[in-house]
Amino acid sequence: MPRFAAAVLLALFIVPSSLAAQASIEQLEREAAVLRAEVDRLKAMDRAAAGEGEAIRMRLKHDVFNWVTDDGAFAFHWKTVAQARFTYHDVRGNSGRGGDNGGDFSNFRIPHMRFTMEGNFFAPEFLYKAQWRPMNDGAGVRIDDLWFCWAPTMLFNLTAGQMRVPATYETLIDPENYSLMDRSAADQAFDQDWGKGILLTSALDLWGTRVLAINLGLFNGAVTGANAQGAGFLDVGSGNSDGVRVTDADRTDNFTGGFRNRDGATTSQTFGQRVDNDLMPAFRIEFQPMGNMARHNADTRTTRNIEEWQLMIACAVNWFSARIQAQGTGGGTFLGNTSRPREIGTDGTPLGPTGSGRSRYGMDALNATLDGHFRWMGFGVNWSIHWRRVSFHNFGAMEGSNTIDPYIPAAVEDSAYSVEINYYALPRQLLFAFRISAVNFDEFGSLTGGGQRVDGDSFGSDATEYNGGLCYEFHGDNMKLSFDYRYVVQQMPHGVAKGNKLSFDAIERISEYRAISEIRFQFQWIF
């Protein structure tokens with residue numbers, strides 16, 4: 001009996017063990033078959049690529065399409081960015097009866113859609129990038145980046161084509177990497193857009209990666225078509241308003257125009273007002289004592305090195321000299337008044353432009369930006385200070401005439417600042433952000449079409465912006481839903497002329513304010 005029991009126990013132990021071993025063998029055989037199929041596939045690719053370089057690998061990199069050869073000589077990356085936004089916009093302004101209240105709207109739109117194609121060809125040091133937007137606020141397709149770069153070492157990178165002018169930090173960041181939906185009011189008033197030219201960049205690895213980065217470029221300078229960043233008029237004759245009524249809300253709200261570069265379009269090969277030897281040198285230096293910091297407005301790190309703080313201090317300077325049209329009967333200022341001399345010679349005889357069409361009037365704009373950025377434990381801090389001096393001067397027989405009349409300014413100085421604080425409550429998932437930004441335009445004297453003196457004109461309306469929001473990221477920047485509230489207070493330019501207030505030629509004007517509120521929802525996806 002004991003022998004029988006022992007045999008039974010032995011059978012109960014051996015049979016399951018044998019079955020388990022058989023199952024394990026079958027699993028190994030299946031895995032081996034999969035590996036053999038993979039090896040055969042790779043051999044087939046090698047045979048197909050024989051005589052034409054290494055085999056091709058196709059995969060997803062950073063969740064976008066990536067194509068590269070095994071030797072790295074050729075690479076192609078494709079990325080599509082799309083944003084869909086709902087906006088409720090409310091404006092309250094100009095307490096007088098002729099104010100521009102009622103400019104409310106709500107709509108759905110696609111504020112940003114962009115295709116990016118980049119990589120290298122022949123060797124890893126020959127880089128290229130093409131970036132274009134089939135949908136944008138302007139008309140037609142807009143080309144942003146279109147450049148080629150030779151980068152043999154970190155110390156020497158030479159880029160030629162159209163690229164972002166290295167002037168402000170926010171401009172150098174892609175829109176999909178903003179903490180809030182748009183750039184700050186300060187950056188919108190002082191950025192230098194895209195430029196065509198050459199850029200020399202150099203980076204130094206000292207005690208960390210890219211501790212020092214230097215950018216030195218020479219670009220075309222295409223002055224904006226509108227000198228004033230906004231437009232309004234003094235509606236005092238009919239008694240409808242005590243001050244300024246805005247006539248171009250889009251430019252006033254979004255700070256378009258001004259004495260800045262706008263070379264994001266194809267430049268003509270013939271002489272014209274926008275092609276007049278208007279070259280713009282630009283310089284930017286970035287100091288990152290704790291090593292390279294990603295170009296993103298927030299701390300996108302998760303558990304890897306998140307406790308290590310990162311810091312960047314940068315400054316940028318660019319100088320832009322261009323011929324601009326001299327005003328005769330208005331235009332150019334926020335109030336549409338004359339801020340520059342009529343093209344009349346010293347003997348009082350009208351001169352007009354030269355035979356080639358070149359203006360006898362020009363400007364020099366010196367722009368300077370100082371910005372700083374901090375990252376630690378999900379916190380992100382970004383601040384910037386902007387300053388610009390625009391000097392006006394004449395050429396030829398008119399030289400120096402702009403200094404005769406105090407109501408024709410010789411120069412103006414504008415300034416702005418921005419501070420943003422953001423925090424990932426959940427790393428790479430839930431982001432909170434807040435920003436305050438202010439723009440201050442210099443005021444000067446100007447002349448109306450009838451020769452009336454206005455003391456408080458400017459090239460834009462002063463503004464203070466408050467912007468707060470949150471963002472939930474389903475898959476990082478590749479798929480996220482954002483909400484923000486934006487409140488902007490603008491002080492309109494004004495003029496004061498002492499005398500009889502009942503007289504149109506000598507009326508006291510008061511400064512007026514516009515208040516803009518926006519509620520926005522946006523969905524973003526990258527593929």
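This one's a predicted model, so the numbers in the text were calculated from it and none came from an experiment.

Conventions and cut-offs
- Residues numbered from 1 in each chain as written.
- Predicted model: local features only at pLDDT ≥ 70, side-chain atom pairs only at ≥ 80, totals over all residues.
- Heavy atoms only, no water.
- pLDDT = per-residue confidence, 0-100.
- Helix = DSSP H or I, 4+ residues; strand = E, 2+ residues; numbered from the N terminus.
- Contact = heavy atoms within 4.5 Å.
- Phe/Tyr/Trp six-rings, centres within 6.5 Å; stacked < 30°, edge-to-face > 60°.
- Buried < 20%, exposed > 50% of the residue type's maximum accessible area, 1.4 Å probe, protein only.
- Lys NZ or Arg CZ within 6 Å of the ring centre and 35° of its normal.
- Pairing = 2+ DSSP bridges.
- Core = buried A, V, L, I, M, F, W, Y, C linked by side-chain atoms within 4.5 Å.
- Salt bridge = Lys/Arg side-chain N within 4 Å of Asp/Glu carboxyl O.

Digging into the confidence of the model for the protein chain
Now for step 1: Overall, the predicted model of the protein chain reaches an average pLDDT of 80, with 70% of residues at or above 70.
Now for step 2: Considering each helix and strand of the protein chain separately, the mean pLDDT is smallest for strand β1 (residues 56-61), with a value of 50, and largest for strand β17 (residues 430-440), with 97.
Now for step 3: Confidence drops under pLDDT 50 across residues 42-56; counting only partners more than four residues distant or on other chains, this segment forms 12 contacts.
Now for step 4: Across residues 498-506, confidence stays below pLDDT 50; counting only partners more than four residues off in sequence or on other chains, it has 14 contacts.

A closer look at the packing of aromatic side chains
What describes a pair of aromatic rings is the distance from one ring centre to the other and the angle between the planes of the rings.
Now for step 1: Per the counting criterion, the structure on display carries 20 aromatic pairs.
Now for step 2: Consider the rings of Phe259 and Phe459, whose centres lie 4.9 Å apart with planes at 90°: the pair is edge-to-face. With a gap of 200 residues between them, Phe259 in the loop between α4 (249-254) and β12 (279-287) and Phe459 in the loop between β19 (453-457) and β20 (462-473) connect regions that are remote in the sequence. Per residue, the accessibility class of Phe259 equals that of Phe459, and both read buried.
Now for step 3: Put simply, the rings of Phe74, Phe121, Phe122, Phe126, Tyr128 and Phe148 touch in pairs and so form one group of aromatic residues.
Now for step 4: Between Arg388 and the ring centre of Phe190, over which it is positioned, the NZ or CZ distance is 4.3 Å.

Topic: the pairing of strand β22 (residues 513-526)
Now for step 1: Judged from the 13 bridges that link them, strand β3 (residues 75-93) and β22 form a sheet pairing that is antiparallel. Considered in β22, the bridge of Val91 is made with Ile516.
Now for step 2: Both strand β21 (residues 479-491) and β22 contribute to a ladder of 13 bridges, which runs antiparallel. Counterpart to Phe483 in the pairing with β22 is Phe521.

Here's the deal with the nonpolar core
Now for step 1: Ranked by size, the top nonpolar core spans 23 residues in total, and within it Phe219, Phe259, Phe320, Ile324, Met363, Val390 and Phe392 carry the most contacts.
Now for step 2: Mapped by element, the contributors of at least two residues to this core are β6 (142-153), β12, β13 (310-323), β14 (361-376) and β15 (379-394).
Now for step 3: Membership of the second largest hydrophobic core comes to 12 residues, among which are Ala185, Phe190, Phe441 and Ala463.

Things to note about the environment of Trp525
Now for step 1: Examined against the element boundaries, Trp525 turns out to sit in strand β22.
Now for step 2: Spatially, the C-alpha atoms of Trp525 and Asn478 are 5.0 Å apart, while their sequence positions differ by 47 residues.
Now for step 3: In this view, Trp525 contacts Thr80, Val81, Ala82, Ala84, Asn478 and Met479; residues no more than four positions away in its chain are not counted.

Considering unusual backbone geometry
The general pattern is negative phi for most residues beyond glycine and trans for most peptide bonds.
Now for step 1: Of note, the phi angle at Phe122 is positive, near 70°, even though the residue is not glycine.
Now for step 2: By the secondary structure assignment, Phe122 is in the loop between β4 (105-120) and β5 (126-135).
Now for step 3: Look at Arg428: it is not a glycine, yet its phi comes out positive at around 55°.
Now for step 4: By the secondary structure assignment, Arg428 is in the loop between β16 (411-426) and β17.

Concerning the pattern of salt bridges
Now for step 1: Going through the model one piece at a time under the given rule, you end up with 31 salt bridges.
Now for step 2: The shortest N-O distance in the salt bridge between Arg92 and Asp90 comes to 3.3 Å.
Now for step 3: Exposure remark for Asp90: the relative accessible area of 9% places this residue in the buried category.
Now for step 4: One salt bridge in this structure joins Lys129 and Asp145, with 3.6 Å as the shortest N-O distance. Of the two residues, Lys129 is situated in strand β5 and Asp145 in strand β6; the sequence distance between them amounts to 16 residues. Here Lys129 and Asp145 have matching classes, each one buried.
Now for step 5: Where salt bridges share partners, they join Arg85, Asp182, Glu420, Arg435, Glu465, Asp484, Arg486, Glu518 and Arg520 into one cluster.

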